[in-house]
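A look at the structure
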Amino acid sequence: MGSPLPSLLTDGERYQKALQVYYDHSTDFQAMQDFINNLFHDIMSGTINGKSHINVLGIGSGPGDLDIELLSALHLKNPDMTVDNEVVEPTPELISKYKELVSQTPGLDYIKWNWNIMTVQEFEKDWKEKGRTKKFDFIHMFEMLYYVEDNEATVNFFRSLLNKDGKLIISVLDGNTGWGKLDKTYGHRFHNPKLTFVVSDKVKQYLDSGGVSYQSYLLPCEVDITKCFIEGNEEGELILEVITEGLNFKKSAPPELKAGIMELLRCPDCSVESNGKITLSANFEVIVVDQLS
Ligand SMILES: C[S@@+](CC[C@H](N)C(=O)[O-])C[C@H]1O[C@@H](n2cnc3c(N)ncnc32)[C@H](O)[C@@H]1O
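We now turn to the structure provided with this report. (Residues numbered from 1 in each chain as written. Predicted model: local features only at pLDDT ≥ 70, side-chain atom pairs only at ≥ 80, totals over all residues. Heavy atoms only, no water.)

1. Describing the overall build of the protein chain
In plain terms, the rule: Helix numbers and strand numbers start at the N terminus; a helix is a DSSP run of H or I with at least 4 residues, a strand a run of E with at least 2. Throughout, the radius of gyration refers to the C-alpha atoms, and the reference size of a globule is 2.2 Å times the residue count to the power 0.38. In this scheme, a residue with accessible area under 20% of its type's maximum is buried, one over 50% is exposed, and one in between is partly exposed, where area comes from a 1.4 Å probe on protein chains only. Note on contacts: a residue pair is in contact if any heavy atoms of the two residues lie within 4.5 Å. When charges are counted, Lys and Arg contribute as positive and Asp and Glu as negative, whereas His and the chain ends are disregarded. Each charge is placed at NZ for Lys, CZ for Arg, CG for Asp and CD for Glu.
In terms of regular secondary structure, the protein chain is built from 11 helices and 10 strands. Relative to the compact-globule value of 19 Å for 293 residues, the protein chain shows a C-alpha radius of gyration of 19 Å, a close match. Principal-axis analysis of the C-alpha atoms gives the protein chain an extent of 55 × 40 × 35 Å. Burial status across the protein chain gives 53% buried among its 293 residues. When contacts within the protein chain are restricted to residue pairs at least 6 apart in sequence, those whose partners lie at least 24 apart make up 81%. Measuring between centres, the 28 positive side-chain charges of the protein chain sit 3 Å from its 44 negative side-chain charges.

2. Some points on the environment of R14
When you line up the elements, R14 lands in helix 1 (residues 12-24). In this structure the C-alpha to C-alpha distance between R14 and E285, which are 271 residues apart in sequence, comes to 27 Å. Apart from the residues within four sequence positions on either side, R14 is in contact with L8, L238, E241, L247 and N248.

3. Comments concerning the site of the ligand
Quick note on the threshold: Proximity criterion: a residue is near a molecule or strand once any of its heavy atoms comes within 4 Å of it. What qualifies as a polar contact is a pair of N or O atoms within 3.5 Å, subject to a donor-acceptor requirement within protein and to the restriction that residues adjacent in sequence count only when both atoms come from side chains. To be clear on the numbers: accessible area is Shrake-Rupley with a 1.4 Å probe, and residue cover counts the displayed protein chains and nothing else. Asp, Glu, Lys and Arg are counted as charged, while Ala, Val, Leu, Ile, Met, Phe, Trp, Tyr, Cys and Pro are counted as nonpolar; the rest, among them Gly, fall into the polar class.
Around the ligand, 18 residues are found, and the nearest of them are Y23, G60, E89, T91 and V120. Between the ligand and the protein, one listed contact pairs an oxygen atom with a side-chain N or O atom of Y23 at 2.7 Å. G60 is positioned such that a nitrogen or oxygen atom in its backbone is 2.7 Å from a nitrogen atom of the ligand. Considered on its own, the ligand offers 590 Å² of accessible surface; in the complex 92% of this is hidden by protein. Put simply, the parts of the chain that give the shell around the ligand at least two residues each are helix 1 and helix 5 (120-130). Of the residues assigned to the shell around the ligand, the class counts are 10 nonpolar, 6 polar and 2 charged.

4. Description of helix 11 (residues 255-266)
Worth spelling out the cut-off: For a helix, the expected span equals 1.5 Å multiplied by the number of residues minus one.
Across its 12 residues, helix 11 extends 17 Å between first and last C-alpha, which sits within 8% of the 16 Å expected from 1.5 Å per residue. Within helix 11 the residues assigned to the buried category are L257, G260, I261, M262, L264 and L265. Looking at the buried positions of helix 11, the neighbouring elements they touch are helix 7 (178-190), helix 9 (234-244), helix 10 (249-252), strand 8 (271-274) and strand 9 (277-281).

5. A look at the packing of helix 7 against helix 9
For clarity, the cut-off: Every angle, taken between N-to-C directions, lies between 0 and 180 degrees, and every axis is a line fitted to C-alpha atoms, over only the stretch in contact when it is a helix. Each angle is binned into one of four classes, with values under 35 degrees roughly parallel, values over 145 roughly antiparallel, values of 65 to 115 roughly perpendicular, and all other values oblique.
Packing of helix 7 against helix 9 leaves a shortest axis separation of 10 Å and a crossing angle of 80°. Here helix 9 runs roughly perpendicular to helix 7, going by the angle between their axes. Contacts from W179, L182 and F190 of helix 7 reach helix 9 at V242, I243 and T244. Its residues placed into classes, the contact of helix 7 with helix 9 shows 5 nonpolar, 1 polar and no charged.

6. Here we look at the pattern of salt bridges
Charged atoms that come close allow side chains of opposite charge to pair. We count it as follows: For salt bridges, the criterion is a side-chain nitrogen of Lys or Arg within 4 Å of an Asp or Glu carboxyl oxygen.
Under the definition given, this model contains 15 salt bridges. Across the pair E241 and R14 runs a salt bridge whose closest N-O atoms are separated by 2.7 Å. Here E241, found in helix 9, pairs with R14, found in helix 1; they are 227 residues apart in sequence, far enough to count as distant. An identical accessibility class is assigned to E241 and R14; each is buried. Between E234 and K17 there is a salt bridge; the shortest N-O distance is 2.9 Å. Taken together, the residues E234 in helix 9 and K17 in helix 1 connect sequence positions 217 residues apart. By relative accessible area, K17 is classed as partly exposed at 41%.

7. Section: the packing of aromatic side chains
Rule in force here: Each Phe, Tyr or Trp ring, with Trp reduced to its six-membered ring, pairs with another whose centre is within 6.5 Å; inter-plane angles below 30 degrees give stacked pairs, above 60 give edge-to-face pairs, and intermediate values give tilted ones. Charge-over-ring contacts are defined here by two conditions on Lys NZ or Arg CZ: a distance within 6 Å of the ring centre and an angle within 35 degrees of the ring normal.
Taken as a whole and assessed by the stated rule, the structure comprises 13 aromatic pairs. Ring centres 4.9 Å apart and planes at 85° place the aromatic pair Y98 and W115 in the edge-to-face group. One end of the pair, Y98, is in helix 4 (residues 92-104); the other, W115, is in strand 3 (residues 111-116), with 17 residues separating them in the sequence. On the basis of relative accessibility, which here comes to 0%, the residue Y98 falls in the buried class. Aromatic pair Y146 and Y147: ring centres 6.1 Å apart, planes at 90°, arrangement edge-to-face. Judged by its relative accessible area of 11%, Y146 is buried. Residue class for Y147 comes out partly exposed when judged on its relative accessible area of 23%. The ring of F229 is capped by R266, whose NZ or CZ atom sits 4.8 Å from the centre of that ring.

Here it is in C-alpha cells:
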C-alpha cells in the first residue's frame, strides 16, 4: 500500500481554482438552493422568529457563496434582525474570495463579520484557552467534517456552543453514492490515515448511539466527470483533484491507483454514461441537530 497522496489543501491557490471548477460541473449548489428554498426556513423558524439579533458560526465556509445564501434567506424572513457572523476557514485564498464576495454583494449591512483564518481544531483550542462564553443561534459545517479526526467530539463541542433553540447543521456525503463508494474503496490511499472517511450513516450512527435527536434530508447531487477522462484536460484534472483531494492527482498518483480509480469512477455502480456524458452520483445528507443538553 502506498502512502497518501500530497493533499490538494496544501496548495490554497490550486484548491480554490479546483473547487470553482468542481462547483461549475456539479449540481451541489442547486441542491443547496433547493434545500434553502424548501426546507431551511421551516428548520430555522423557531430560532429566528421574534429575534432582533442572532449569532452565526460558519465552519469550513470556503468561498462563502453558500454562507451568503443562508444569511440572505434568514434576512428575507426576518429583515429587522441583525447578525453577528463568525467564519472559521483555514485556507487564506478562500477567505480572500469570501471577503471579495461580501464586498461585491449589496445589502449585507445587517451583518457584522468576524474572520478566523484557522482550522476548526485551532478554533476549538483557542476558544477553550480564552474561556470564551459566546453562544450561537446557528452553526453550520457544510462538507467540512471530513477534515476532523474525532468528529463526534467536534459535533458535541459545537452543540455545546448553541443557544436554546439554536441549530447545528451538518452536511456530508451519502456513503451509498458513487463518490462514497470510491472513498470506501480507495479513501485509505488518498486521505490522511488519521481521518476515517465520514459519511452520513456514520454521523447518524453516533448521534443515535448518543441518544441525540436530529432531522436528516437526503439531497440529490451529481458531478459531470466527462472531462476527467479526456487526457490533458485541465478542468478534468482539477475535478479529479477535488474528488480524490490529491494535489496534481494525475501526476502524483501511482499508475495502478490511478487506473483503479478511473475504472471505478466509470463503473455503473458509481456513474451513469449517457450521450457521451459521464455523471458521478454524489448525493449528500443534511443533518440538523439541537443544543447539547
Ligand atoms: C468542500 S469545501 C466546502 C466549502 C463550503 N462549506 C461549501 O459547502 O460550499 C471544504 C472546506 O473546508 C475547509 N477545511 C479544510 N480543513 C479544515 C479544517 N481542519 N477546519 C476547518 N475547515 C477546514 C476547506 O478549506 C474548505 O473551505
